[in-house]
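So you can see what is in the structure, the chains are spelled out below.
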Amino acid sequence: MKATIIILTYNQAATIGRAIESVLRQECRYPFELLIADDASTDGTREICKEYALRFPDKIRMMPEAVNKGVVDNYFDAVEAARGEYIADCAGDDEWLSTDRLERQISELESDRTLSAVASYVEGYVVATGQRRLMPSNVFTIPHDTSDLKEQTAFGKEITRKVLDSVNALPFVLSGALYRGEPIKKLLKDSPEIIRCKDGGVEDVPLIAALGASGDVRMLPIIGYRYYIDGESVSNNLSFEKTYRFTARIARLVRKLGKYYGLKSKEQDNFFRSKFPYMAAQIRHSDNRALIADFKSLIKEWGRPLPIRGKLHLLLMRFI
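All of these numbers come straight from a predicted model, not from anything done at the bench.

1. A closer look at the overall build of the protein
Part 1 of the reasoning: Assigned secondary structure in the protein consists of eleven helices and ten strands.
Part 2 of the reasoning: Computed over C-alpha atoms, the radius of gyration of the protein comes to 20 Å, within 12% of the 20 Å expected from 2.2 N^0.38 for 320 residues, which places it in the range of a compact globule.
Part 3 of the reasoning: For the protein, with 320 residues in total, the buried portion stands at 54%.
Part 4 of the reasoning: Restricting to contacts in the protein with at least 6 residues of sequence separation, those with at least 24 account for 80%.
Part 5 of the reasoning: Of the roughly 14,900 Å² of accessible surface on the protein, a fraction of 51% belongs to carbon and sulfur atoms.
Part 6 of the reasoning: Each charge class in the protein was averaged separately, 47 positive and 44 negative side chains, and the resulting centres sit 8 Å apart.

2. Points about the confidence of the model for the protein
Part 1 of the reasoning: With 96% of its residues at a pLDDT of at least 70, the protein reaches an overall mean of 93.
Part 2 of the reasoning: Between residues 233-237, whose pLDDT stays under 50, and residues either more than four places distant or in other chains, the model counts seven contacts.

3. Details of the environment of Phe271
Part 1 of the reasoning: As for its position among the elements, Phe271 is in helix H9 (residues 269-286).
Part 2 of the reasoning: For the pair Phe271 and Asp165, spaced 106 residues apart in sequence, the C-alpha separation works out to 4.9 Å.
Part 3 of the reasoning: Not counting chain neighbours up to four residues away, the residues in contact with Phe271 comprise Asp165, Ser166, Val167, Ile250, Ala251, Val254, Phe276 and Trp302.

4. Let's talk about a nonpolar patch on the surface
Part 1 of the reasoning: On the surface, Ile308, Leu312 and Leu315 cluster together into a nonpolar patch covering about 300 Å² of accessible area.
Part 2 of the reasoning: Along the chain, the position of Leu312 falls in helix H11 (residues 308-317).
Part 3 of the reasoning: Judged by relative accessible area, which is 46%, Leu312 ranks as partly exposed.

5. As for empty space enclosed by the protein
Part 1 of the reasoning: Inspection of the entire model under this criterion finds two cavities of 30 Å³ or more.
Part 2 of the reasoning: Put simply, the largest cavity is a space of about 60 Å³.
Part 3 of the reasoning: Residue lining of the largest cavity: Ser120, Tyr121, Val122, Met135, Pro136, Ser137, Ile142, Pro171, Phe172, Val173 and Met219, and that is the complete set.
Part 4 of the reasoning: It is strand E6 (residues 115-126) that contributes the most residues to the lining of the largest cavity, three residues altogether.
Part 5 of the reasoning: Partitioning the lining of the largest cavity into residue classes produces nine nonpolar, two polar and no charged.
Part 6 of the reasoning: In terms of lining residues, the second largest cavity is bounded by Asp38, Asp39, Ala40, Met63, Pro64, Ala66, Val67, Lys69 and Asn74.
Part 7 of the reasoning: When its residues are assigned to classes, the lining of the second largest cavity shows five nonpolar, one polar and three charged.

6. Considerations on the packing of aromatic side chains
Part 1 of the reasoning: One pass over the full model with this rule turns up nine aromatic pairs.
Part 2 of the reasoning: For the pair Tyr75 and Phe76, a centre-to-centre distance of 5.3 Å together with 75 degrees between the ring planes defines the contact as edge-to-face. For the pair formed by Tyr75 and Phe76, the shared burial category is buried.
Part 3 of the reasoning: With 6.2 Å between their ring centres and 80 degrees between their planes, Tyr244 and Phe295 make a pair best called edge-to-face. With a gap of 51 residues between them, Tyr244 in helix H8 (residues 240-260) and Phe295 in helix H10 (residues 290-302) connect regions that are remote in the sequence.

7. A look at the nonpolar core
Part 1 of the reasoning: In terms of nonpolar packing, the biggest core is built from 66 residues, with Val79, Phe172, Tyr179, Ile184, Leu207, Phe276 and Phe295 touching the most fellow members.
Part 2 of the reasoning: It is H8 that provides the largest number of residues to this core, a total of eight residues.
Part 3 of the reasoning: Once residues within four sequence positions are removed from consideration, Ile184 is found in contact with Val79, Tyr179, Ile195, Leu207, Ala210 and Leu211.
Part 4 of the reasoning: One finds Ile5, Ile16, Ile60 and Tyr225 within the second-largest nonpolar core, a separate group that totals 31 residues.

8. A few points about the packing of helix H5 (residues 156-163) against helix H7 (residues 204-214)
Part 1 of the reasoning: Between H5 and H7, the least distance of the axes is 7 Å, while the angle of their chain directions is 155 degrees. With respect to their mutual orientation, H5 and H7 come out roughly antiparallel. In terms of crossing hand, the pair formed by H5 and H7 is left-handed. For the pair formed by H5 and H7, the contact residues are Gly156, Lys157, Ile159, Thr160 and Val163 on the first element and Val205, Ile208, Ala209, Gly212 and Ala213 on the second.
Part 2 of the reasoning: Residues of the contact of H5 with H7, tallied by class, amount to six nonpolar, three polar and one charged.

9. Here we look at H10
Part 1 of the reasoning: Residues Leu291, Ile292, Phe295, Leu298, Ile299 and Trp302 constitute the buried set of H10. Each buried residue of H10 sits inside an arc of 120 degrees when the element is viewed along its axis, so together they form one side. Opposite its buried face, H10 presents the exposed residues Ala290, Ala293 and Lys300, each directed more than 90 degrees away.
Part 2 of the reasoning: Gly303, located one to two residues past H10, shows a positive phi value of around 65 degrees.

Rules of the game
Residues numbered from 1 in each chain as written. Predicted model: local features only at pLDDT ≥ 70, side-chain atom pairs only at ≥ 80, totals over all residues. Heavy atoms only, no water. Helix = DSSP H or I, 4+ residues; strand = E, 2+ residues; numbered from the N terminus. Rg over C-alpha atoms; globule rule 2.2 N^0.38 Å. Buried < 20%, exposed > 50% of the residue type's maximum accessible area, 1.4 Å probe, protein only. Contact = heavy atoms within 4.5 Å. Areas by Shrake-Rupley, 256 points an atom, 1.4 Å probe, with all protein chains shown as cover. Lys, Arg positive; Asp, Glu negative; His and termini not counted. Charge placed at Lys NZ, Arg CZ, Asp CG, Glu CD. pLDDT = per-residue confidence, 0-100. Patch = residues over 30% accessible without salt bridge, like charges linked within 9 Å, V, L, I, M, F, W, Y side chains within 5 Å. Salt bridge = Lys/Arg side-chain N within 4 Å of Asp/Glu carboxyl O. 1 Å grid on protein atoms, 1.4 Å probe; cavity = no way out; pocket = protein on both sides within 12 Å on 5 of 7 lines; lining within 4 Å. Points joined across faces, edges and corners; volume = space filled by probe spheres on them. Nonpolar A, V, L, I, M, F, W, Y, C, P; charged D, E, K, R; others polar. Phe/Tyr/Trp six-rings, centres within 6.5 Å; stacked < 30°, edge-to-face > 60°. Core = buried A, V, L, I, M, F, W, Y, C linked by side-chain atoms within 4.5 Å. Axes fitted to C-alpha atoms, helices over the stretch in contact; angles between N-to-C directions. Parallel < 35°, antiparallel > 145°, perpendicular 65-115°, else oblique. Left-handed = near helix turned anticlockwise from the far one by under 90°. Arc of directions from axis to C-beta.

Below, the structure is given as structure tokens:
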């Protein structure tokens, strides 16, 4: 098996068919499988997936039914079960674009052993307004005009450094990429705490960091994935307390990974100077003083003085 496309889903009965069919439309001479990882859906999603698996038994497998795992365990359990040499994914409420995406990405990985992953440009689609835009990157140049897509290659070290110093963008959207499975499976076996980071709550940051550590990444001039932006998500919600807790988890995660990959704290300066005052602001606006102790503990973990803007937010809390 040359490639495995993992479809992650949870309570997405309205959109899971679109996601599955978007991968089945791939025109690819290499053998590939769809591995559906349903995380104990209760809305009929699993039944829809079973119907597709019965219709396409030579193409679709399903992960065994299990209790709800959360996105991190659901993702990496599927990675460990993947039979393909290369791995990609699709969320149950998104879809693949460009029917030759898989063929082209496999061909690049086959021909260039220095690459750990081959990415594509990703379109963000705002459901409420119909607005479309290419998702940003803090490594690759993203054009304003979709007719001006260019092939680009980034050094692995830069990918790792940038994903661990990220503010509002990652080097690439993981779901737009195809990557080598072997180094990731090895890391899952030898150092699972560095990639299966359940305390961080996300799968893409540690995975992209690991891919950068194992090779370079090439961006092909195709739009290979559509990411639907529809209301709240884990990282896009309206609660100050939720926003603080999510950002704090990421802060602990990127510092732990930074130490593992040998990054000095100054190499994560962009993240620290941006996110720590931001977290202080969330604490102030939430008026939840119980979060202050957690924030002070986090500052000690980073071993750096809080930027002035952050100190001002905490100071203002004393007078509210």
